[in-house]
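# An overview of the molecular structure
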Protein chains: 2
Amino acid sequence: MNAEIIAVGSEMLTPFRLDTNSLFLTRELNQLGIDVVRKSVLGDDRARLTEALREALDSSPLVLVTGGLGPTEDDLTRECAADALGIGLHRDDEATEHLRQWFARRGSPMAERNLRQTMKLDGAELLANGMGTAPGQWLATAGRILVLLPGPPRELHPMFEQQVLPRLRPLAPPVAFFTRVLRIADRGESSVDEAAAPIYRRYQNPQTTILASQPHEIELHFRASAATAEEARRLADEVAEQVAQQPLLAPAVFSRDNEPMEAVVGALLQRRNETVAVAESCTGGMLGERITAVAGSSAWFTGGVQSYQNAVKIELLGVSPLVLKEHGAVSEATARQMAEGVRRRLDSDWGVSITGIAGPGGGSPEKPVGTVYIAVTRRGGETLVMHRVFWGERERIRRSATQVALDRLRLALQAASHESASAQP
Amino acid sequence: MNAEIIAVGSEMLTPFRLDTNSLFLTRELNQLGIDVVRKSVLGDDRARLTEALREALDSSPLVLVTGGLGPTEDDLTRECAADALGIGLHRDDEATEHLRQWFARRGSPMAERNLRQTMKLDGAELLANGMGTAPGQWLATAGRILVLLPGPPRELHPMFEQQVLPRLRPLAPPVAFFTRVLRIADRGESSVDEAAAPIYRRYQNPQTTILASQPHEIELHFRASAATAEEARRLADEVAEQVAQQPLLAPAVFSRDNEPMEAVVGALLQRRNETVAVAESCTGGMLGERITAVAGSSAWFTGGVQSYQNAVKIELLGVSPLVLKEHGAVSEATARQMAEGVRRRLDSDWGVSITGIAGPGGGSPEKPVGTVYIAVTRRGGETLVMHRVFWGERERIRRSATQVALDRLRLALQAASHESASAQP
């Protein structure tokens, strides 16, 4: 089954706003085996919206419209849908009563224009809105389904999940879907595809999609369909596992369950009952910010030092002034002393440091913009320092540095766990 | 003049990708006085794309299409445009020669399928692509303009600016535009609108738009049109200035030139030749990360301490264990000692601290999730501590805390500058 999505609202035809509801709806529809074949954004313009609805209803069996259901004169979705279908629009008594109660509970008077929201397309069912005043509508007519939904996500999401999904499910093909997501760190999109394509190209089911989701992170989505969810999962995993075990990719696959890097590192630390501290120069706090984006991170993150100026590196981290003078703040020696210093000062099991030149200024022929040193050290263990030159603008370089630092920590944690396991009798 | 934008590519009909090119194109078109009346996304489907192009060319005088110009069989934009217009498509010799040279310069053989890219709509002008292999096309026919553009932004942007804008400008209405943007911190959208609407509603020109762009930040856009750019600017500023001086809004307007908060705070510090240090608990580094997102921030940011665990607050910041025990880590007293401690330890002019409960766990009836204390201290000056309860999920609470902390620092810096100015003889 195919669907079209129409988003209504003049603000989405400005340079400032995108229609993001369609991402949510597409994910939900795809799970039912329904493909989205067209998405449109239209303004609050009666003639254009009516024409667009007519075209959509002519060419797709399912049309979802978001927005334009509010109480103001700009909210035209109901009227345009009635015109497009050539049907009437009449006040619904139950909805009117419901709306009066909604305002009464809040102790505020109801402006008359709110009654616009109780106008129902002939033959439609109203979809109650638990989070706002505008009900949605579901209309099945002449082999076509038209669904009107409110624009605000916090109203749209529960309405779709609780009232649209149950109505759609019996109409969707009797097929179950499962998507396995591999996340891969620090490999280019083309090198991932080169390694993975010879495997996934042999299969029509699952369908494989490759996505460069953020700097130094590639996602592979394996979406399988089958008669049962278990079978779809087996099909997706059969291919995903082969790809995950491909020798060039295996060490870089950090998640098979779509967890972000921060969560993977956090889980590894928590499992080992260990802690990490960070020392950040050019990233200014981004590494700590990412680690603490995971709820419960106080169990494994002690803290860190944003050692932006050299005096802070010396005072708080114990970096040697001589090292700074001889090698510079952006150097292997400084990165090493930063990681070791913060680990010791914060009495943590692991220490990670980043020092580099994020640009746009500050580069030199020897150390161009993008030059970054990353160090990972371990209590009673050695310190590994890595030298990289990242491309892109300031924000991308900083994001890349934190991603690679987290990935290095992940690899060190996995190696440590492997050692411990081997050391068991 | 009205325009429609059609983005072509099946990846934009998945739950993972949006068409963001349309934001760039809309901004550019609006600057010429051209309104976008519809945006569509279509997949690589010949029948649907042809039909969509036909509809668009029927209803709008200007149609821009992005994507689908590459060398593969999925790239159907050229063929569909020819079908929609009922015209021919023929190989262009100059483009063919250009393409051969492009591959020769790179020393790589040219696959035959690349020649698809040299097929030109009858009557069209090719738009050279300096960043890739697919030329764009400009076709003016029967009172309609059709522009085909490549999908990758780094190819699209220069082609639009260098080759489409000069062709569009003579056709656009002889009107100049200017947009003034006010950025407002720490006020709700409805309270900003309540204060601003009585002023801007009195004007048709400029048009005013209110945008909640991020937590604790509202933007007001005043877009004026006039015969000259100077006159448009005068019209926009006439209204913007009245709004900016509205007593309830004035202290909250942190930028009249669209600079982000981080840049405003950085400029204030640089002008005073002063430095700031940060102590972060629940934000884990986000405050430092935001301050250092501004290039050149080493001139005013000394560094900071991510004092996530209490031991770090005690050891590195000198927070009293007794205070932690009696008041807790999330308290006015702890916030005060964190800010004062980091300022002193890092020998900075200003110190800013954040301590709070970002959730989802860790809340209590006395200190619910979202409770945050923010302190700002000054060398030789007093320490101001603020207590707030932010709503939303973990990331929103953390983002809100850094935004309000930066805004408090901005207000303190402005007050200090005002003092210095008054103290002058």
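Remember, it's a predicted structure, so these values are computed and weren't measured experimentally.

## What to know about the overall build of chain A
Along the backbone of chain A there are 13 helices and 17 strands. In terms of overall dimensions, chain A has C-alpha extents of about 85 × 55 × 45 Å along its principal axes. A total of 425 residues make up chain A; the buried ones form 56% of that total. Within chain A, counting contacts between residues at least 6 apart in sequence, those at least 24 apart form 67% of the total. Accessible surface, chain A as shown: approximately 17800 Å² in total, 50% of it carbon and sulfur. Seen as two clouds, the 47 positive and the 53 negative side-chain charges of chain A have centres 4 Å apart.

## Examining the relation of the copies chain A and chain B
Aligned on chain B, chain A shows an RMSD of 0.2 Å; the corresponding rotation is 180 degrees and the shift along the axis is 0.2 Å. Here the copies are linked by what is in effect a two-fold axis.

## A few points about the environment of Val265(A)
Residue and element names in this part refer to chain A. The topology assignment puts valine 265 in helix α8 (residues 261–272). Separated by 259 residues in sequence, valine 265 and isoleucine 6 place their C-alpha atoms 40 Å apart. Not counting residues up to four positions away in its chain, the partners in contact with valine 265 are Leu406, Leu409, Arg410 and Leu413.

## Comments concerning the sheet that holds strand β10 (residues 207–214) of chain A
Residues and elements named next belong to chain A. With antiparallel pairing, the four strands of this open sheet are ordered in space as β10-β11-β9-β12. The outermost strands of the open sheet, each flanked by one partner alone, are β10 and β12 (253–255). Pairwise comparison of adjacent strand axes, ignoring direction, gives a mean angle of 35 degrees for this sheet. Pairing geometry for strand β9 (residues 176–185) and strand β11 (residues 217–226), over 10 bridges, is antiparallel. Residue pairing across strands places isoleucine 184 opposite isoleucine 218, the latter belonging to β11. Packed on one face of the sheet, helix α13 (residues 394–423) meets β9, β10, β11 and β12 and runs near 90 degrees to β12.

## Quick word on the confidence of the model for chain A
Put simply, chain A has an average pLDDT of 94, and 100% of its residues get 70 or more. Scored as a whole, the predicted complex attains pTM 0.88, and scored at its interfaces, ipTM 0.87.

## Re the sheet that holds strand β14 (residues 301–306) of chain B
Two modes of strand pairing occur in sheets, parallel and antiparallel, and in both the strands are linked by backbone hydrogen bonds. Here we have 10 strands laid out as an open sheet, ordered β17(A)-β16(A)-β15(A)-β13(A)-β14(A)-β14(B)-β13(B)-β15(B)-β16(B)-β17(B), and mixed in their pairing. Across the chains shown, the open sheet's two edge strands, defined by having one partner strand only, are β17 (383–389) of chain A together with β17 (383–389) of chain B. Strand-to-strand, the axes of this sheet are offset by a mean angle of 15 degrees, without reference to chain direction. Bridge count between strand β15 (residues 350–356) of chain B and strand β16 (residues 371–378) of chain B: seven bridges; the pairing is antiparallel. Considered in β16(B), the bridge of Thr355(B) is made with Tyr373(B). Sitting on the sheet, helix α12 (residues 332–345) of chain A is in contact with β13 (276–280), β14 (301–306), β15 (350–356), β16 (371–378) and β17 of chain A, with an inclination near 145 degrees to β15(A).

The rules behind the values
- By convention here, each chain's residues receive numbers from 1 onward along its written sequence.
- A letter from A marks each chain and a number from 1 marks each ligand, given out in the order of writing.
- With pLDDT at 70 or above as the cut-off, local features in this predicted model cover only qualifying residues; side-chain atom pairs require 80 or more to be listed or tallied, and sums for whole chains, interfaces and linings still use all residues.
- Side-chain numbers here rest on the full set of heavy atoms in the structure, without hydrogens or water.
- For helices the rule is a DSSP run of H or I covering at least 4 residues; for strands it is a run of E covering at least 2, with both sets numbered from the N terminus onward.
- For the exposure calls, accessible area comes from a 1.4 Å probe over protein chains only, and a residue counts as buried if that area is under 20% of its type's maximum, exposed if over 50%, partly exposed in between.
- Two residues qualify as a contact provided that any one of their heavy atoms is within 4.5 Å of a heavy atom in the partner residue.
- Here the accessible surface of atoms and residues is derived via Shrake-Rupley with a 1.4 Å probe, and residues count as covered only by protein chains that are part of the display.
- Charged residues are defined narrowly, with Lys and Arg counted positive, Asp and Glu counted negative, and His plus the chain ends left uncounted.
- Here the site of a charge means atom NZ of a Lys, CZ of an Arg, CG of an Asp or CD of a Glu.
- Our superposition of the copies is a least-squares fit, built on the C-alpha atoms of residues whose pLDDT is at least 70 in both.
- For two strands to be treated as a pair, DSSP must find no fewer than two bridges joining them.
- Axis lines are fitted through C-alpha atoms, for helices just across the contact stretch, and the angle between N-to-C directions can take any value from 0 to 180 degrees.
- Confidence scores per residue from the predictor, reported as pLDDT, run from 0 to 100.

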